[in-house]
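# An overview of the molecular structure
Listed below are the residues making up each chain.
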Amino acid sequence: MAEATANGLGQHALHHTHDAAAVSKTDTHQEHPIKLYLVVWAWLFILSTCSYLVDYFGLHGYLRWSLILIFMMLKAGLIVAVFMHMAWERLAMMYAIIVPPILVLVFVTMMVFEADYTLLTRIAFFGPGP
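Residues numbered from 1 in each chain as written. Predicted model: local features only at pLDDT ≥ 70, side-chain atom pairs only at ≥ 80, totals over all residues. Heavy atoms only, no water.

### Concerning the confidence of the model for the protein chain
- Counting all residues, the mean pLDDT for the protein chain is 81, and 77% of those residues have values of 70 or more.
- Averaged over each element, pLDDT in the protein chain is lowest for helix H1 (residues 2–6) (51) and highest for helix H4 (residues 34–56) (94). (pLDDT = per-residue confidence, 0-100. Helix = DSSP H or I, 4+ residues; strand = E, 2+ residues; numbered from the N terminus.)

Rendered as structure tokens:
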């Protein structure tokens, strides 16, 4: 028992007849090259620069907010995919992370259209107001 605990196998190894080689194969982890992280870091720097350039050039209105949101979503996607290792997860895990924000965006869009409809209905029935 002391040998199993010293080898890091714990109580689980006492009840099964696995050898140490089989256990060590399951404990391996995947390492990614440093070049991948440097490339992602460079893309994050480029996207952040583009985001700041939107303000520098003085863009206004929907174009400004659309560009800022696009750059923000691209940066968040890179961070989640590479630095949080989501690109190497199972598809079910990806769906659990990605689908809820997409559904929130769909519901927010529905509320925007509903708000316009409600405002137009109030103006039609109650008048433009005081």
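### A closer look at the pattern of salt bridges
- Taken as a whole, this structure holds one salt bridge when the rule is applied.
- Between Arg64 and Asp55 there is a salt bridge, and its shortest N-O distance comes to 2.8 Å.
- Of the residues examined, Arg64 reaches a relative accessible area of 23% and is grouped as partly exposed.
- Residue Asp55 is classed as partly exposed on the basis of its relative accessible area of 41%. (Salt bridge = Lys/Arg side-chain N within 4 Å of Asp/Glu carboxyl O. Buried < 20%, exposed > 50% of the residue type's maximum accessible area, 1.4 Å probe, protein only.)

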